[in-house]
Amino acid sequence: MKNLVSVGAAVIAGFAFAIATPALAVAAPSDCHSSYSPCLPIVSDVDCEGGSGNGPVYTGRVRVIGPDDYGLDRDGNGIGCE
Ligand SMILES: [Ca+2]
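All values derive from a computational prediction rather than experimental measurement.

A. Layout of the sheet that holds strand β4 (residues 62-64). Taken in spatial order, the 3 strands make up an open sheet running β1-β4-β5, and their pairing is antiparallel. Because the sheet does not close on itself, it has two edges, and the strands there are β1 (36-37) and β5 (79-80). As judged from the 2 bridges shared by β1 and β4, these two strands associate in the antiparallel manner. Its bridge partner being in β4, Tyr-36 is matched across the sheet by Val-64.

B. The arrangement of the environment of Pro-38 in detail. With respect to the element layout, Pro-38 can be found in the loop between β1 and β2 (46-48). Each C-alpha atom, one on Pro-38 and one on Arg-61, is 9.3 Å from the other, the two residues being 23 residues apart in sequence.

What counts, and at which threshold
- Residues numbered from 1 in each chain as written.
- Predicted model: local features only at pLDDT ≥ 70, side-chain atom pairs only at ≥ 80, totals over all residues.
- Pairing = 2+ DSSP bridges.
- Helix = DSSP H or I, 4+ residues; strand = E, 2+ residues; numbered from the N terminus.

All quantities given are derived from atomic positions and should not be read as evidence of function.
Take a look at the structure:
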């Protein structure tokens, strides 16, 4: 009888894990914008922390490695939010 209880607990634990896993996947960061390193999310706009931009997302100093879609590198030297 003791073994049956253990198996039952394992099945419940496995079921709980199956439910929790998709939730974790949703909470993980989604795609990164290919122009920036480290990762910036693909959103309507990203502005520099402490700047006058209106967001909705803000970043600190970032390398610009592709088209500067968010306009973070004003002087074009490959470093945004200097
Ligand atoms: Ca720059």
